[in-house]
Amino acid sequence: MTPIMFNLLLRSLWETILMTGASGLISLVFGLPLGLALVLTNKGGIAENAWINGILGAIINGFRSVPFIILLVALIPVTRLIVGTALGTWAAIVPLAIAATPYYARIAEVSLREVDRGLIDAVRAMGGNRWTIIREVLVPEALPGIVAGFTVTLVTLIGASAMAGAIGAGGLGDLAIRYGYQRFETTVMVAVVAVLIVLVCGIQWLGDRLVERLDHK
Amino acid sequence: MNSIVTASVIETPQATAEAVVRLVDVHRHFGTTPALDGVALTVHKGEILGVIGRSGAGKSTLIRCLNGLERPDRGLIEIEGRSIVGLDEKELQPLRRRVGMIFQHFNLLASRTVEENVALPLKIAGVAKTERLRRAHELLELVGLAGKAKAYPSSLSGGQKQRVGIARALAARPALLLSDEATSALDPETTRSILALLKDINRKLGLTIILITHEMEVVRSIADRVAVIDAGRIVEEGQVWSVFADPKAPITRSLLSGSRPQLPEHIAARLSPTSGEEAIISIDMAGLAAQGAVFADLSAALPQSFRLVHGGIDHIQNQPVARFFIAVPMRDPALKDKVLQFLKARSARVEVLGYDTDHV
C-alpha cells in the first residue's frame, strides 16, 4: 500500500469515527428521552397517555421505515439549514443522527420496559414522584441495557455511514466502495475491512466491559 | 418512637388505643368483578393484624389501598385519622412516608448497594446524605445485616433481601408497616426468622403491622388479630387464638385445615351418618376450658366410655387450643349422650361426625 493510500485510510477512519461518534451522541441525547417518553406514556405507565404514545410511536415508525439512502437525500434541505452545506462529513451527521435517534429510542424503550413494575411500586410506596421514579428506578435499573443498546447503535451507525459517501462524506465505507470495489484495488478493500473489523470489535468490547461493570443483577 | 405522646397513655392498649387504620365500606371493582366488596376494618396502634385469604380474594388490593397504590371506588379509608380517599398522587406522598411496605419479591433496586436501598426513602424525603447513611446503618444493625452495607442485593439470600426490605420500610420511621406476602417466597426456616424479626420490631418500636398472607402459619406465629377475606369481604375477624379455636366461616375452616388436627382420612372415609360400632366425636376446647384434666375426669366419671383417636393441644398467643377426636362405643346407646353432656358441661364444643362401621 502506498503512503498516499495509507494517509487516505487514516483520514477515512477519522471521518468514520467522527460521523459515528457525533451522530451516536446525538441519538443518545434525543433517543433516550424519547424511549423514556414511550415507556411513561404507554398503557400502564406512570404517565399513561394514549395520544402522545400513539403520535410518538407513529413518528418513530415513520422515520424507521424510510431506507437510509432515501433519508440522506430527502433530508438535504434540513441538513443545509443546520450545517450550512449538504456535502461532506459534517453534513452526513445530520441524516445519520436523525436515522439513529428513533432506532435508539426503540432500543432504549425495550430496556426501560423490562424494569420490574414492583420496583416502581416500591418507590411509589416510599412517597416518590414520577421524577424520582425516572431518576432512581427506571434509568439506573435499565442502565446496562441502555449502554448495551448504545453499543449496538454505534455499530449500526458505522455500517450506515458507508452510504454517506453518496453526499461526499468520506469515511471507511466510502473508501471501500470507491477504491476497493469500483477500482478493483483488493488491498484497499482488505485493509478497510480489517480496520472496520477492529473498530467494531473495539466498540463492542468497550461496551461489553462497561455493561459488565454496571450490571449488578 | 412516636412523635405524639399524649397524657392519656396510661390506657390499656388495643381496645382503647387510637386507630391507625380505619376502613368503612370500601369497594373496589376491576371491570365487573369486585376485588373489595364493602370492607370494614379497624387496626389499632401497636397491633399486628393478619389478613388471610386465598389468592384472588382481594387481600392484595386491600393492602394496596392503604397507601394509595390502589384507589377504592368508594368507601372511607383513614390512616392516623386522616382520610386518604380522593387524594392525588402528590398529596399521597407525605402519607406514604408514614406507611412502610415490604413485598413478596423484595423489590430491591439491583443497581444500588444495600445501604443505598435502605437510605432511598430518606433520599426521597430530602434527608442529607450523611444523616441518611447513618440511619441506614442503624437499621441494618437492627435487622442483623450490619456487615452487608456495601453489598449489592444480588449477592444476598432471599431472607437477607427481605431483611433489607424491612430496614428500608422502616427508614422513614413509619407509623404503619404493610407486609404483602413478605414470606411467601421464602423457605420455612427463613420465614420463621423473618416473622420473628417483624414481631421483635413490633415490640421494640410499637409499630403497627398489617400483613397479608395465604398461610395460616404466618398469622398463627405473629398476629394478634386475624381477618379472613373471601371474595372481597371480611367473613371472619377476631383474636387469632379464638378464631383458631372456633372458626365459623367455611373458608376459615378450609384455610385452617393444615394447621389444626383433622380426622384421619381413612377413618373419615368409612364413617356412616346413621349407625356403626363407634361414634366419632370431635371436641374443641380453648382457653380455660382446655386447661383442666378433661379426659382424666371423663375417664373417672364414665369408665370405658371412650378411646382417643387423634388430636392435640396447640398454644396460640399463650392460650391453649385443643382439638381431639374420640370414639365412643355404641353398645350402650345412652353412653354417647352422657359423654356429650359431660363435655358440654366442661365448655367444650362437641360434634358427632358419624359412626365408624369398621372398627375392630
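Quick caveat: nothing in here was measured; it's all calculated off a predicted structure. (Residues numbered from 1 in each chain as written. Chains lettered and ligands numbered in written order. Predicted model: local features only at pLDDT ≥ 70, side-chain atom pairs only at ≥ 80, totals over all residues.)

> An account of the overall build of chain A is requested, with residue identities and associated values reported.
Broken down by element type, chain A carries 9 helices and 0 strands. Start at the N end of chain A and walk to the C end: the helices and strands fall as α-α-α-α-α-α-α-α-α. On the principal axes, the C-alpha backbone points of chain A span a range of 65 × 40 × 25 Å. Across chain A, contacts joining residues at least 24 apart in sequence account for 71% of those joining residues at least 6 apart. (Helix = DSSP H or I, 4+ residues; strand = E, 2+ residues; numbered from the N terminus. Contact = placed C-beta atoms within 7 Å.)

> I'd like a description of the domain arrangement of chain B, backed by residues and values.
Reports of interface size often rely on the accessible area that becomes lost once the parts have come together. Residues and elements named next belong to chain B. If you check the domain split of chain B, you get domain 1 (19–98 + 174–256) and domain 2 (265–356). Its C-alpha centre places domain 1 at a distance of 35 Å from the equivalent point of domain 2. With 8 residues of domain 1 at the interface, the matching set in domain 2 holds 7 residues. Looking at the side of domain 1 that touches domain 2 element by element, the count peaks at 5 residues for helix H8 (residues 240–245). Here the residues of the side of domain 1 that touches domain 2 sort into 4 nonpolar, 2 polar and 2 charged. (Domains from an automatic or database assignment. Nonpolar A, V, L, I, M, F, W, Y, C, P; charged D, E, K, R; others polar.)

> Which residues make up the sheet that holds strand E3 (residues 48–52) of chain B, and what are the values?
Residues and elements named next belong to chain B. Here 6 strands make up an open sheet; going across it, the order is E6-E7-E8-E3-E9-E10 and the pairing mixed. The sheet terminates laterally at strand E6 (99–103) and strand E10 (233–239), the two strands that pair on one side only. With direction set aside, neighbouring strand axes in the sheet form an average angle of 15°. Where helix H5 (residues 158–170) meets the sheet, its contacts fall on E6 and strand E7 (176–180), and the angle it forms with E6 comes to roughly 165°. (Pairing = 2+ DSSP bridges. Axes fitted to C-alpha atoms, helices over the stretch in contact; angles between N-to-C directions.)

> Before we move on, can you summarise the packing of helix H7 (residues 130–161) of chain A against helix H9 (residues 186–214) of chain A with the specific residues and values?
In a packed pair of helices, the relevant descriptors are the angle between the two axes and the axis-to-axis distance. Residue and element names in this part refer to chain A. At a minimum axis separation of 8 Å, H7 and H9 run at an interaxial angle of 175°. Comparing their axes, H9 and H7 come out roughly antiparallel. Together, Leu 143, Pro 144, Val 147, Ala 148, Thr 151, Leu 154, Val 155 and Ile 158 of H7 and Leu 196, Leu 199, Val 200, Ile 203, Gln 204, Gly 207, Leu 210, Val 211 and Leu 214 of H9 make up the contact between the two elements. Tallied by class, residues from the contact of H7 with H9 come to 14 nonpolar, 3 polar and no charged. (Parallel < 35°, antiparallel > 145°, perpendicular 65-115°, else oblique.)

> Could you give me a rundown of the packing of helix H1 (residues 3–41) of chain A against H9 of chain A, with the residues and numbers involved?
All names here are of chain A. Between H1 and H9, the shortest axis-to-axis distance is 11 Å and the interhelical angle comes to 35°. Considering how the two elements wind past one another, H1 and H9 form a crossing that is right-handed. Counted together, Met 5, Leu 9 and Leu 13 of H1 and Val 188, Ala 191, Val 192 and Val 195 of H9 form the full contact between these two elements. Residue composition of the contact of H1 with H9, grouped by class: 7 nonpolar, no polar and no charged. (Left-handed = near helix turned anticlockwise from the far one by under 90°.)

> So, the interface of chain B and chain A: which residues are in play, and what are the values?
Contact residues are listed per partner, giving 20 residues for chain B and 18 residues for chain A. Breaking the side of chain B that touches chain A down by element, the ones donating at least two residues are helix H2 (89–96), E6 and helix H3 (114–124) of chain B. With 4 residues, H2 of chain B is the largest single contributor of residues to the side of chain B that touches chain A. In terms of residue class, the side of chain B that touches chain A is made up of 11 nonpolar, 6 polar and 3 charged.

> How would you sum up the environment of Gly 144 of chain B? Please name residues and give values.
Along the chain, Gly 144 of chain B turns up in the loop between helix H4 (129–142) and H5. Given 13 C-beta atoms within a 10 Å radius, Gly 144 of chain B is considered partly exposed. (Buried ≥ 20, exposed ≤ 12 C-beta atoms within 10 Å, placed from the backbone.)

> How would you sum up helix H5 (residues 89–113) of chain A? Please name residues and give values.
If you check H5 of chain A, its first and last C-alpha atoms are 35 Å apart, about what 25 residues at 1.5 Å a residue would give, namely 36 Å. Along H5 of chain A, 21 of the 25 residues are buried, which leaves the element largely enclosed by surrounding structure. (Expected span 1.5 Å × (residues − 1).)

> Before we move on, could you go through the nonpolar core and cite the residues and values that matter?
Core analysis: the biggest nonpolar cluster contains 150 residues, and Leu 96 of chain A together with Ile 210 of chain B have the highest contact counts within it. Once you skip the residues sitting within four places of it in the chain, Ile 210 of chain B turns out to touch Val 21, Val 43, Leu 49, Val 51, Ile 63, Leu 66, Leu 176, Leu 178 and Ser 179 of chain B. One finds Leu 175, Ala 176, Ala 191 and Val 192 of chain A within the second-largest nonpolar core, a separate group that totals 7 residues. (Core = buried A, V, L, I, M, F, W, Y, C linked by C-beta atoms within 7 Å.)

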